[in-house]
Structures are given as C-alpha cells and as structure tokens.
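If you want the building blocks of each chain, they are given just below.
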Amino acid sequence: MSARLIYVMDPMCSWCWGFAPVMQALAEQAANRGVGLHLVVGGLRRERTPMDEAGRRRTLAYWQAVHEASGQPFDFVAGLPEGLVYDTEPACRALVAARQLEAECAWPLALLIQQAFYTRSEDVTQPARLVELAERTGLARDAFAECFDAGTTREATAADFAWAGNLGIAGFPTVLAERDGQLALLTNGYQPLAALAPLLARWLERGAHG
C-alpha cells in the first residue's frame, strides 16, 4: 500500500506562506505514520513586466489579509522590491530541481524561498538567489544550477502546472491525500491546523485499518 500527502503550492503565493506552519505540522503528523510529503508546484503568476505601484499596493493588501488570518510575518515596508517581475516560474522550477536531486530538500527549500521573499524582500525570481538558497538545504551548488537550467526540469515544471490545472485546482494552498492512486481532498485554500489535523487523522486511521 502506497500513501503520501501531495501539497500543491507556489512559493510566491502569499496564502501558501500563511499556510506554511500548518503544512509543516500536517507533514509531521503524516510522517509519524510513515506517510511522506510530495510537492507539486502550481504556477501562480507569469508576469513579463515589472510590477507597478498600483499592483504593489494591491498585493500588499493581500499580504495584510494573510498576516491577519495566519499571523505569519511579512515585510510590509520593503516588500516587493522595485522592478520585481512577478514571475513565479523560476521559484517553482527551483523546487522541481530540488525534488529531482534530493526529494527531501524540496520542502525545506520552499520554506527558505518563502522566508526570503516575504520577510526579507529578496527577489527570488533571480536564479543566483535560488542557487544560494538551495545550497543552504544541502544541495550541491553546481548540480542544482545545472538541474535548474535543464530543459527537462523546465518540462517537469510545466507538467506540474498542467497536472494541477487538469485536476481543476485553481487556488493554493491545496492538500491532497493519496493512497494507492486514489486522491482525497484535505483542503483547497487556507485553513487552520485545528480544522485539518482531525481530517488527516481520520484518513491516516483508515489506512491503518485498510
């Protein structure tokens, strides 16, 4: 019997940053029963021009809502650096590269990217910054850079986007529980741990007695 949690997310999605402590707790709850975590990247935004001031104000309003709901920290003063092109594909592709090299590094890298973007106003669309963050998870710098740039990794990232789209997943965070190829939806959108931990516990219990 195979089982895993599938977390469909985007590291530059503010609700996913708000959800990060909840997901960490759910991952630990599942790991205690021998169930691992698999990340799928969703591809939130593919902008091609720098964010203007109106877009920055609008996005900061989203951040404020996430902060109020989750308590997660944000840099509201220096956040969204000037000239930022809000393209989430590079950060998503970094997680796919990590997943291909050392699967257990993908989630720690997601957390590092989120912390850099939301609390230190770093431009995590830049490959050099993503390489530095990947190295902090223990991935070899050169191997990660090569994998990040590879055409196969770009294709795998696009395949993740398509998989999420084909399932009709339009919002993040989304958490699915998969057992023997059968998917169960734990949440589509932010919910607190108190709402989700009992759902996961019941799903894990059914697997123990399946």
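Analysis parameters
- Residues numbered from 1 in each chain as written.
- Predicted model: local features only at pLDDT ≥ 70, side-chain atom pairs only at ≥ 80, totals over all residues.
- Heavy atoms only, no water.
- Buried < 20%, exposed > 50% of the residue type's maximum accessible area, 1.4 Å probe, protein only.
- Helix = DSSP H or I, 4+ residues; strand = E, 2+ residues; numbered from the N terminus.
- Contact = heavy atoms within 4.5 Å.
- Patch = residues over 30% accessible without salt bridge, like charges linked within 9 Å, V, L, I, M, F, W, Y side chains within 5 Å.
- Areas by Shrake-Rupley, 256 points an atom, 1.4 Å probe, with all protein chains shown as cover.
- Salt bridge = Lys/Arg side-chain N within 4 Å of Asp/Glu carboxyl O.
- Pairing = 2+ DSSP bridges.
- Axes fitted to C-alpha atoms, helices over the stretch in contact; angles between N-to-C directions.
- Expected span 1.5 Å × (residues − 1).
- Bend = angle between axes of the 7 residues up to and from the residue.
- Core = buried A, V, L, I, M, F, W, Y, C linked by side-chain atoms within 4.5 Å.

The name that an unreviewed UniProt entry assigns to the protein is DSBA oxidoreductase, with the source organism given as Stutzerimonas balearica DSM 6083.

K.L.:
Before we go on, may I ask you to explain helix α5 (residues 127-136) in this structure?
P.N.:
Every α-helix carries 3.6 residues per turn, so stepping three or four residues along brings you back to the same face. Burial in α5 covers these residues: Arg129, Leu130, Val131, Leu133 and Ala134. The inward-facing, buried residues of α5 abut α3 (89-101), α4 (106-119) and α6 (141-149). A positive backbone phi angle near 105° is found at Gly138, which sits one or two residues after α5.

K.L.:
How do you make sense of a nonpolar patch on the surface when you look at a structure like this?
P.N.:
Judged by side-chain polarity, Trp163, Leu167 and Leu183 come together as a nonpolar surface patch covering roughly 250 Å² of accessible area. On the secondary structure map, Trp163 appears in helix α7 (residues 151-166).

K.L.:
Honestly, the sheet that holds strand β1 (residues 3-9) in this entry has me stumped. Any pointers?
P.N.:
Hydrogen bonds between backbone groups are what pair the strands of a sheet, and the pairing can be parallel or antiparallel. The sheet built from 4 strands is open, its strands ordered β2-β1-β3-β4 with mixed pairing. Pairing within the sheet leaves two strands with one partner each, and these edge strands are β2 (36-41) and β4 (182-188). Across the sheet, the mean angle from the axis of one strand to that of its neighbour is 25°, orientation sign disregarded. Across the sheet, α7 is in contact with β1, β2, β3 (174-179) and β4; its angle to β2 comes to roughly 95°.

K.L.:
Where do I start with helix α1 (residues 14-31) in this structure?
P.N.:
Relative to the 26 Å expected for 18 residues at 1.5 Å per residue, α1 spans 25 Å between its end C-alpha atoms, a close match to the ideal helical length. At Ala20, α1 shows its largest bend, some 50°, and a proline, Pro21, comes one to four positions later. Every buried residue of α1 is listed here: Ser14, Cys16, Trp17, Gly18, Phe19, Ala20, Val22, Met23, Leu26, Ala27 and Ala30.

K.L.:
What exactly am I supposed to notice about the environment of Phe172 here?
P.N.:
Examined against the element boundaries, Phe172 turns out to sit in the loop between α7 and β3. A C-alpha to C-alpha distance of 16 Å links Phe172 and Tyr86, two positions 86 residues apart in sequence. Discounting chain neighbours no more than four positions away, the residues touching Phe172 are Val8, Met9, Asp10, Cys13, Trp15, Cys16, Gly42 and Leu44.

K.L.:
Even after reading the chapter, I still don't get the nonpolar core, so can you show me in this structure?
P.N.:
Soluble, globular proteins show a tendency: their nonpolar side chains are buried together. Counting 66 residues, the largest nonpolar core has Tyr7, Leu109, Ile113, Phe117 and Phe144 as the members making the most contacts within it. A total of 10 residues in this core trace back to one element, the largest contributor, which is α4. Once residues within four sequence positions are removed from consideration, Ile113 is found in contact with Pro11, Ala91, Ala94, Leu95, Val124, Leu130 and Leu133.

K.L.:
Is there a simple way to explain the pattern of salt bridges in this structure?
P.N.:
Close approach of charged atoms allows side chains with opposite charge to pair. Summed over all chains, the structure comprises 12 salt bridges. Where Arg4 meets Glu178, a salt bridge forms, and the shortest distance between an N and an O atom there is 2.6 Å. Taken as a pair, Arg4 in strand β1 and Glu178 in strand β3 lie far apart in primary sequence, 174 residues in all. The class of Glu178 is buried, set by a relative accessible area of 17%. One salt-bridge network, in which partners are shared between bridges, spans Arg120, Glu122, Arg129 and Glu132.

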